[in-house]
Amino acid sequence: MPDVSGTKRITDVGPHDYHDFLHPVIKNNYGKWKYHEILSTAHMVHVSETGDKIYSVRVGSPRLVSGSFIKDLCDLADKYSEGYLRFTTRNNVEFLLDKEDNIEPLMNDIKKLNLPLGGIGNVVANIVHTQGWIHCHTAASDASGVTKSLMDDLYEYYIDAKLPAKVRIAFACCLNMCGAVHCSDIAVLGIHRRPPKLLSDKIINLCEIPSTIASCPTNAIRPDTYNGKPSVKLIEEACVFCGNCFTVCPGMPISDPLNDGVSIWVGGKVSNARTKPSFSKLAVSYLENDPPRWPKVVEAVKTILDAYKNGAEKGERVGEWIERIGWPKFFKITGFKFTKYHIDDFRLGEATMNYSAQVRQ
Amino acid sequence: MPDVSGTKRITDVGPHDYHDFLHPVIKNNYGKWKYHEILSTAHMVHVSETGDKIYSVRVGSPRLVSGSFIKDLCDLADKYSEGYLRFTTRNNVEFLLDKEDNIEPLMNDIKKLNLPLGGIGNVVANIVHTQGWIHCHTAASDASGVTKSLMDDLYEYYIDAKLPAKVRIAFACCLNMCGAVHCSDIAVLGIHRRPPKLLSDKIINLCEIPSTIASCPTNAIRPDTYNGKPSVKLIEEACVFCGNCFTVCPGMPISDPLNDGVSIWVGGKVSNARTKPSFSKLAVSYLENDPPRWPKVVEAVKTILDAYKNGAEKGERVGEWIERIGWPKFFKITGFKFTKYHIDDFRLGEATMNYSAQVRQ
Amino acid sequence: MGKKYETPLLDELKKGKWPSFVAEMERAAETSEMTGDLLGQVEQSYKEKMGHWKHGGMVGVKGYGSGIVGRFSDLPEKYPGVKEFHTVRINQPSGFFYKSDSLRKIVDIGEKHASSLFNFHGSTGDIQILGVKTSELETIFQQLVSFGFDLGGSGSALRTPSCCVGMARCEFANYDAMHICYNITQAFQDEMHRPIFNYKFKFKFSGCGNDCTASIARADMSIIGTWKDNIRIDQGMVKEYAKKMNLHKYVTSKCPTKCMNYSDTGLEIDDSNCSKCMHCINVMPKALRPGIKGGATILLGSKAPMVSGPRLSMVLVPFYDVAEDAKNGYQWFKDFVGKIWEFWDEYGVNRERIGELIQRVGIGNFLEAIGLEPLPEMVSSPRGNPFVLYEDYVEADEGQGESPQG
Amino acid sequence: MGKKYETPLLDELKKGKWPSFVAEMERAAETSEMTGDLLGQVEQSYKEKMGHWKHGGMVGVKGYGSGIVGRFSDLPEKYPGVKEFHTVRINQPSGFFYKSDSLRKIVDIGEKHASSLFNFHGSTGDIQILGVKTSELETIFQQLVSFGFDLGGSGSALRTPSCCVGMARCEFANYDAMHICYNITQAFQDEMHRPIFNYKFKFKFSGCGNDCTASIARADMSIIGTWKDNIRIDQGMVKEYAKKMNLHKYVTSKCPTKCMNYSDTGLEIDDSNCSKCMHCINVMPKALRPGIKGGATILLGSKAPMVSGPRLSMVLVPFYDVAEDAKNGYQWFKDFVGKIWEFWDEYGVNRERIGELIQRVGIGNFLEAIGLEPLPEMVSSPRGNPFVLYEDYVEADEGQGESPQG
Amino acid sequence: MTDETKAQLEEAIVNLIREFVNRKRFKPGDVVKEMEVKFSASDVTKDDVKSAIRELTDSGRLIYGYAGGSFLSLPE
Ligand code: SRM
Ligand code: SRM
Ligand code: SRM
Ligand code: SRM
Ligand code: SF4
Ligand code: SF4
Ligand code: SF4
Ligand code: SF4
Ligand code: SF4
Ligand code: SF4
Ligand code: SF4
Ligand code: SF4
C-alpha cells in the first residue's frame, strides 16, 4: 500500500457516513414517511407525507457470501436503483426503487440469479445464524448447514405469507448464542453433553486460573495444583456442558462428536407488540448432529411450524399461541417428550413453576 | 378432674366428627347444592337439586372473643337454627337456617348485640390477623388494635357491597406472617428496622449456633466465639431486620419501639379466578406505630381502597386493577413514594424487572 | 371483678362500630382475673409501643410435643396474672361446623381453667384457648378429650389440616373436602402430636379453584378441587344473565384461556382448553356448573417468607381422583404423602419446609424420588436457559449409555 | 482454480432452493485459493462432526486491540490455506445502507487480500471479511480507512452500535436512530478500538417498540423509540379497516393495557394508559400513527446466557428526549453512558457484563451511583418479599437519622 | 503531567507487564488501576494512563492480546 508505512497512520475514522448511501427519495423524505403497504412478500411501498413513494424489493441471502454475490447485487442496484441498496437486520437484501416500473424487471433479474424473493410479512424470515464449523472454535454444530437445510425446507414459507404471524428462526452453534436464539419464535442451539477434558499441561501454561474458575455457571470448576502449579479440577456431576471454561481456557476442550448436537427452543420474541418480549423455551432437549442435511432438526422445526400454522389464530406469534393453548397441549400435539430437563432448575428457575390451580384437565 | 390420674390416658382422638355438627338440611343435601343467591351482604341462600334451601346469615367477629361472646352466639343458634352454626375461614360467624322466616328475627337479635351483619359479596371481608402484643413475643406491632381501627373505618364496606370485587385485608405482626399477608388485596405487616441486639451471654447458653446462623436470609450472621464459647457476630449492613434469628435464638432480641412499625402491601390474591394467585407487593415501605388507633395506617389503607373503588372496573380485584392501569399510575394516584426499597433485590427479585419497552409515558 | 388498671389507650379501641376486642377482654376479665392483668400489660405495650412477652418457653401435656404455645410475661411481678399465659390449640371440626352444646363445653373450659379468652379461630384453623397456666394444661386436655376434641399442632409437627365448607354448603365443591380433611387428620394424629418432622407441615383442602381456605398460599400441601369433563351449561339461564350484563366484557373476555365464545346461538366453551379457573361459573352460578367428574389438583410448597422468601404452592399432581381414592380410605393419598415426608425426612434440614427443600435439591430429583413423571402442567413454561444437566450420553462405539450418576 | 478436494457431503448442501453457502464458497474459491482449503477442512468437519479450528490466537492491527478475530486451523499441514484464517470486522454504515461503489471496494479488498468470503452482516452488525492472513491485516485496514471505513469491535471493548432503518424508510420511527447511532459510534471510537472494559458492550437503536434490531435481547444498552403524546388517529381509515377485519378481535382485545375501545362513534384510546406497544399501529398503519412527541426508552443489560443465564434489557430511563439532546450533540446521552461505564469500571470484574453487575450489586445501589431516581416504570411490579434493607431509622431521642452506610 | 512523569509511566507499564509475563494477564483496566495507585503522588489520571497505553500500543512496544478478554502483552 502506497500511503501507509512510516507516515502517521490514520485511525478511528469510524463507519462511513450513511448520508452518502441514502437514495435521494429517502433523503428528501427522511422522517416524513406516513404509511407503508405490503404489496407482496417480496416488495412493499412506503408513502411519504410529501406524496413520494419508495419501493423496497427484498431478496434472501445466505449471509456467508462470495465477493461475486455482492457484485451481482451491485450490478442490479446500478441497473434499477441508482446503485442504492441496503441489508436488513436479518441479512436480507433490499433494493430501494423510486420507479414502480423497475420492480418487475428487477424481480426477473433476481429470479435469473436464483435468489429468493420474499421475506416480508407473515413469513418465515431469514434465519439469523452464526459461524459454526466454517469459522468458530467452540461450535457444537454447523451453522450454515443447518440453516440451509431448514430454509430449503421452509422455502414456501419465505416466499409466501402462509403463517398466522411472523416466524423468526435463529441458530447458534454454542451456548454463547451469537444470535437471538434466546428470544426467537423457533431456535436451534448447538450443545455439548459431556464435560470438558482437562489438559493440565495446557491449563497451567495457557489459562488464567481465577477467570477459569469464575467462568463456570455451576461452580463445577475448583482450584487445584498440577506439577506444583496452580491448576483446576472438575466436579463432573455439576457440569452443565456450557463450554464457557473452554472460551477462557484452551486447556479445557469440550467438543465430542459422539455427544454434540442441538436442542430446539420455541416461543421467544423481542417485539413489544401485544405481549412483552420473552425467552425461547426448551422444546426438544437433544437431537444428534446428522450432517449434511440434519433431517431430524428439519423435521422437528417443521413439526412446530405445522402445529403452529394449524393451531394459531391470525396475528398470534408462536409463543402467544402456545401460551393460549397451554404447554401441555403443545407437547401433546408435537409429540415432543416433556422431561425433567424441561423444568428450569437454574438460577431463577423457581419463578417458572405453575403456582396456581389453573390446569387444563 | 375425676377420670384422669392413674388410669390410662386417652390420646389422639382427633377433632370431633363434623357429622354431629351438620344441620339436617345440610346432611340431606350434602353434595347436591345446585346454586346460590346472595340476598344481601349478610345473607345468602343455597338451593339444592332436591329443591331444599339453606339460608346463611353472616356476622362479623373480632376473633379474639370472650366466652360470653360465644355463649351469645350459642343462644342465637339455639333460638333460630336448632343450635347449628359455623365459622368461616375468615373468622366470621354463619348461622344456618332452614326457615326463611327466622332470618329477620335473627338479624334483629344480632343487631341488639351490636354485631355487624355483612361480609358477603363485594365487601371488605373480615381482616385475617394475628396475635400482636396480646400474645406474641416477636410482634413489631399490635394485631387486634390495627384490625379494630381499620374495621371501624371500613365498616361501611363490610355491611354494604360498594366495591368492584371482594377485598381481602390481612394483618401480620412480624415477618413470620401468620396470616395470608403475602397474598392479600391489602396487607399490613409489622416490621423492624434495626438489627437484633447480641446478648452474648444468652446466645452462648440458650442458642444453637448452627441454626441461628442458618436462620438468616441474607447470611448476615457469622460464627464467632465469646468467652471461649461458640457464638455469633453480625454483619449489620446485611441485616434485613426479619427477626428470624430471634425466633431461634432468644439472645438476639430485635424489638425497637422507636423504629418498629408497619409496611403496607397490595394486589395479592389466592383465588385462581381469571388471574393466577399472586403475592402482595410493597406499597408503603414504613409507617410508624401510632397506637391506639394507628391513624396513618388507616389513612393509607383508605387511600388504596378509595383509589381502587374509583378506578377499578366491576369484577376486578385490587391487583388486577393495578396491573391494568400500571404501577406508575398506582403510585401517582395514591401519592405513595416509590423508592429503592420497592425494587426487589432479594433472591428471585430479578424476575420482577420491567424487561420490555412497554412503558406508559 | 371491676377494673384493675386504668387503660386509657385501650379504651379508645372500645369506640367505633366494629366489635371491640378490648370490650371482649373486659368481658372475659369478668370471669377471669388473669385477663385483668392482661389488659394492664397490653395497655403498657400500647404506651411503650412494644410487646411484653418473653421468648417462648417449654410447656405441654404429657406425651404430646405440640398443641400448646408457651407464653410468659416479662413483667410477671407487675402483672402476676399473665406470668404464665399459654395457648391451647384445639383441632377444629371440618368446615368449622358446630352445634351449640359442644361450643358451650369448650367455653366452659376456657372460663373455668383459663383467661376466658378464645380465638375462633387461629390462622391455621385451630380453636385457641388463650391464657392457660401450666398447671391447668392436663386438666384442659382431659376435658377436651372427654367430649371428642383434641389438641392441634405446633413445633416441628403436622398442623391441624383445614378445609372449606365444601359439599356441605357449596355447589362448587368438586370433591368432598370435609371428609378427606377429617379422615387424614385422624390418620395423622401421631404426626400432629409427636413432632418428628424437620419443621411444620400444613394441609388445606379447598373444593374448587376459588380456594376459600387460601391453601395455595398457606399450606405445604394444597388440595384444590377441579374437574375433568365439561362445564355444565344451562343456555336458558345464560340468556337470562345476558339480559342483565355484558357477557363479553365480564365473562368471556376475562377467561384466562380465551376458550369461551358467546353469540346468538349461545355460550360455547372449548373445555379442553379451560383451565378450571372458576371465573365464568362464579359470575353465572345459576347458568354454569363445574363438570361431574370432580377431583383435585395437588400442589406443594407454599409458606410464609422465612428464610428464602414467600412461596405459593406449585402443581404436583394435576388430577387426583378423590372419590375413587375415598373408596379405599384415601390410601393412595396417604402413601403419596408418606413418600413426600420420607424424602423430607431424608434430605431436609432443621427448619426447612418442603417447598424450600424441593427447590434446593431440584424438582427433577424430587420427582424421581417420589416416583412422579415430570409434566408440563407443573410449570408455567419450560426452561428458558440452556444450562441443562444432561444425564444421557453415548460412549465411544457403545450406543446410548447412562452417566455414572444417572 | 478447479476443485481441490472431493466434498460429497457439502455437495448435498448445494441442492435445494435456498441460495447455498457451499456454492458461495466455491465461487469464492475461484478467486482465492485459501477458500479451496476451507472447503476441504469443512468437509472433514462434516465427516467427523466436529470443528477444526484452534482456540483463539493473538492477532490485530497496530494500536488497535480489536476488530480482528484470530482463527487458526488445527490441521494446517493438511489445509495450508486455512492455517491463518482471521476475520476482519468492519463498522457497517447506519441502517446497513450502501451505494454499490463502496460495496465494490470492500469486495475488492476481500478478493485481493483474503478468502473472497464475507458476512453481510455479522450478528452484531459488522461487515465481516473472512479468511485473512496475519500479514494482510495492516493492508486491509489501511485500504478500508482510505475510503472511510474502519474496524469494528472485539474483545473487551465496545462493539459496533447498530440501528434499524428508522426514519430513513419507516413511518414508525420515533427518533432518528440512524443519526444517533452514527454520532455515538464516531464518539466512542476509542472505546471500540482499544479494549479497556471488563467485557464487551453493545448498543442497539430501534425506532419503536417493534424493536427490529432485537435490541432488548442483544444489546447491553437498548434504545427503543416511544412517544409522549397521543396516537394519531384517522377515524376514516379506521372505518375502512373495520370493513375488512374484526377490530375487536384483532386490535382492541389484544391491546395489553385494554385502553382502546371501538364503537360506532369510532376508535377511542386512553393514551395515558397506552404502553406504546405498537400493536394497534402495526395492524392499522394507514389509520394510526405514533404521536409526534417522539423519544426513546433506554433499557439496560441484555445478553446471552453466560454465566448467569440469558437476560433481557430492563427499563432505566422511561423517556429520553432524543431530538432535544441531538441539538447538543447527544451530550446528555454520552455523559449518561459515561457514568454507567465508570460504575462498571469501578465495580465490575473481568468478563462481567453490565447487566450481571447491576444484579450483583443491587439496582438500588446502581441507580444511586449513576444518579437516577428509582421509578415504578423500572419494574413489572414492586417487591413481593419483605426482606427490605431499610437504611433510615430513628436514634433514641434524636429524630430521623441515617444509617452508617446510608 | 510532565513529560518526565509520562516517560516514567510508560516505563512502569511495560515493566509491570514484563514482570508478570506468563503469570498474570493485565487487562488495560487493571493497568489503569495499578498505575493510579503507583503514581498517586504525581496526580496521574485515568486518562493519562489510557493515553500512555495508547502511545505504547501505537508504537508497538505493547500489543493487545485476547483470551476470553483483552489484555496487554509484550510483542512476540
Ligand atoms: C427491514 C427491517 C428493519 C431493518 O432495519 O432492517 C424491518 C422492517 C419492518 N418491520 Fe420489523 N423489520 C426487521 C426486523 C425485525 C425484527 C428483528 C428480528 O427479527 O431479528 C423484529 C423483532 C422480531 C421478534 O419480535 O422476535 C421485528 C418486528 C416487527 C414487528 C412486530 C411483530 C410482532 O407482532 O411481534 C412489526 C409489526 C408488524 O409486522 O406488524 C414489524 C414491522 C416492520 C415494518 C412493517 C415497519 C415499516 O413500517 O416499515 C417493516 C417491514 C416488515 C416486514 O419485513 O414484514 N417489525 N422486525 C428488519 C427486517 C428483517 C428481515 O429481513 O426479515
Ligand atoms: C364462607 C367461605 C368458605 C368457608 O369455608 O368458610 C366462602 C364462601 C364462599 N365463597 Fe369464597 N369463601 C370464603 C373464603 C374465601 C377466600 C379465602 C380468604 O379470603 O382468605 C377466598 C380467596 C380470596 C383471594 O383470592 O384472596 C375466596 C374466594 C372466593 C371467590 C373468588 C373471588 C375472585 O374473584 O377472586 C369466589 C367467587 C366469587 O365470589 O365470585 C368465592 C365464592 C364463594 C361462595 C359464593 C361460594 C358458594 O357458592 O357458596 C361463598 C360465599 C361468598 C361470599 O362470602 O361472598 N370465594 N373465598 C369463606 C368466607 C370468608 C369470609 O368470612 O369472608
Ligand atoms: C396463633 C397463630 C396466629 C394467630 O393469631 O392465629 C400463630 C402464632 C404463631 N406463629 Fe404462626 N401462627 C399461626 C398461623 C400461621 C400461619 C397461617 C396458616 O397456618 O395458615 C403462617 C403462615 C403459613 C406458613 O405456615 O408458612 C404462620 C407462620 C409462622 C412462622 C413462619 C413459618 C415459615 O416457614 O416461614 C413462624 C416461625 C416459626 O415457626 O418458627 C410462626 C411462629 C408462630 C409462633 C409460634 C411464634 C414463635 O416464634 O414461636 C406464634 C405464637 C403466637 C402466640 O403467642 O400464640 N408462624 N403461622 C396461628 C396458629 C393458630 C392455629 O393453630 O390455628
Ligand atoms: C461473528 C459473530 C457470529 C456471526 O456469525 O455473526 C460472533 C462470533 C463469535 N462470538 Fe459472539 N459473535 C457475534 C455476535 C454475537 C451476539 C449477537 C449480537 O451481538 O447481537 C451475541 C449475543 C449477545 C451478547 O452480546 O450477549 C454474542 C455472544 C457471544 C459470547 C457470549 C457473551 C456473553 O456475555 O454471554 C461470546 C463469548 C465471549 O465473548 O467470550 C462470544 C464470542 C464469540 C467468538 C469471538 C468466539 C470466542 O470465544 O472467541 C466468535 C468468533 C467466531 C469467529 O470465528 O468469527 N459471542 N456474539 C458475531 C459478531 C459479528 C459482528 O461483529 O457483527
Ligand atoms: S455461537 Fe458459539 S460457536 Fe457459534 S460463532 Fe458464536 S461463539 Fe462461535
Ligand atoms: S463446561 Fe461449563 S459447566 Fe462444565 S465445567 Fe466448563 S464452565 Fe463449568
Ligand atoms: S406474625 Fe409474628 S408476631 Fe404475629 S403471631 Fe405470628 S409469629 Fe407472632
Ligand atoms: S434479623 Fe434477620 S436478617 Fe437480621 S441478622 Fe437476624 S436473621 Fe439475619
Ligand atoms: S373453595 Fe370452592 S368449593 Fe370451597 S367454599 Fe370456596 S367456592 Fe365453595
Ligand atoms: S372456568 Fe375459567 S378457564 Fe374455564 S371457561 Fe370458565 S373462565 Fe374460562
Ligand atoms: S424498529 Fe420500529 S422504527 Fe425501526 S424499522 Fe422496526 S418498525 Fe420501523
Ligand atoms: S400501542 Fe399498544 S398499548 Fe397503545 S393503544 Fe395500541 S395496542 Fe394499546
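Computed from a predicted model, the values in this text were never measured in an experiment. Numbering of residues starts from 1 in each chain and follows the order in which that chain's sequence is written. As they are written, the chains are lettered A onward and the ligands numbered 1 onward, keeping that order. This being a predicted model, a pLDDT of at least 70 is required before a residue's local features are given, and a value of 80 or more before pairs of side-chain atoms are given or counted; all residues contribute to the totals for chains, interfaces and linings. Heavy atoms from the whole structure form the basis of all side-chain values; hydrogens and water molecules are not counted.

1. Notes on the overall build of chain C
Broken down by element type, chain C carries 15 helices and 16 strands. Exposure categories follow from relative accessible area, calculated using a 1.4 Å probe and restricted to protein chains: below 20% of the type maximum is buried, above 50% is exposed, and the middle band is partly exposed. The burial tally for chain C puts 65% of its 406 residues in the buried class. In chain C, of all internal contacts separated by at least 6 residues, the share reaching a separation of at least 24 is 64%. Under the convention used here, a 1.4 Å probe and the Shrake-Rupley method define accessible areas, while residue burial counts only the protein chains that appear. Carbon and sulfur atoms form 49% of the exposed surface of chain C, whose accessible area is close to 13,900 Å². Per the convention used, a helix needs a DSSP run of H or I reaching at least four residues, while a strand needs a run of E reaching at least two, with both numbered from the N terminus. The contact criterion used is simple: two residues touch if any of their non-hydrogen atoms lie within 4.5 Å.

2. Points about the interface of chain A and chain D
Contact residues are listed per partner, giving 121 residues for chain A and 121 residues for chain D. Buried area: the accessible area, evaluated with a 1.4 Å probe, that two parts lose upon being put together, summed over both parts. Interface of chain A and chain D: buried area, both sides summed, is about 10,500 Å²; carbon and sulfur atoms make up 60% of it. A carboxyl oxygen of Asp or Glu within 4 Å of a side-chain nitrogen of Lys or Arg is what we treat as a salt bridge. Where chain A touches chain D, the interface holds 10 salt bridges. In this structure, arginine 194 of chain D and aspartate 12 of chain A form a salt bridge, with 2.8 Å as the shortest nitrogen-oxygen distance. For this analysis, a polar contact is any N or O atom pair within 3.5 Å, provided that within protein one partner can donate a hydrogen and the other can accept it, and provided that sequence-adjacent residues contribute only side-chain to side-chain pairs. One can count 65 residue pairs in polar contact (both at pLDDT 80 or more) joining chain A with chain D. It is helix H2 (residues 67-80) of chain A that provides the largest number of residues to the side of chain A that touches chain D, a total of 9 residues. Classes in brief: Ala, Val, Leu, Ile, Met, Phe, Trp, Tyr, Cys and Pro nonpolar; Asp, Glu, Lys and Arg charged; the others, Gly included, polar. Considered class by class, the residues forming the side of chain A that touches chain D number 55 nonpolar, 39 polar and 27 charged.

3. Observations regarding the coordination of the iron atom of ligand 3
The sole protein-derived ligand of the iron atom of ligand 3 is Cys178 of chain B (SG), positioned 2.3 Å away. Relative to the assigned elements, cysteine 178 of chain B resides in the loop between strand E7 (169-172) and strand E8 (186-191). Sites may look incomplete, because water is not among the atoms used; the donor set itself consists of N, O and S atoms within 2.8 Å of the metal (3.2 Å for Na, K and Ca).

4. Things to note about the site of ligand 8
Note on terminology: near, applied to a residue and a molecule or strand, indicates that one of the residue's heavy atoms is within 4 Å of it. Surrounding ligand 8, one finds 14 residues, the nearest of these being Cys216, Cys239, Cys242, Gly243 and Cys245 of chain B. Taken together, the residues of the shell around ligand 8 break down into 11 nonpolar, 3 polar and no charged.

5. Here's the deal with the sheet that holds E7 of chain B
Residues and elements named next belong to chain B. Only when DSSP finds a minimum of two bridges between them are two strands counted as paired. With mixed pairing, 4 strands are arranged side by side in an open sheet as E7-E8-E11-E12. Sheet topology places E7 and strand E12 (281-288) at the edges, where each strand pairs with a single neighbour. Each neighbouring strand pair of the sheet contributes to a mean axis angle of 20°, computed without reference to strand direction. Note: E7 against E8, 4 bridges, orientation parallel. Each residue of the ladder has a partner; that of alanine 172, found in E8, is leucine 189. Docked against the sheet, helix H9 (residues 295-311) engages E7, E8, strand E11 (261-266) and E12, running at close to 10° with respect to E11. Axis definition: a line fit to C-alpha positions, over the contact stretch in the case of helices; interaxial angles, taken between N-to-C directions, run 0 to 180 degrees.

6. Topic: helix H1 (residues 3-19) of chain E
Residues and elements named next belong to chain E. Helix span, expected: 1.5 Å multiplied by one less than the number of residues in the helix. Taking 1.5 Å per residue as the helical rise, H1 with its 17 residues ought to reach 24 Å, and the 24 Å between its terminal C-alpha atoms agrees with that figure. Those residues of H1 lying buried are Thr5, Leu9, Glu10, Ala12, Ile13, Val14, Leu16 and Ile17. Looking at the packing, one finds that the buried side of H1 touches helix H2 (28-38), helix H3 (46-58) and strand E2 (70-73).

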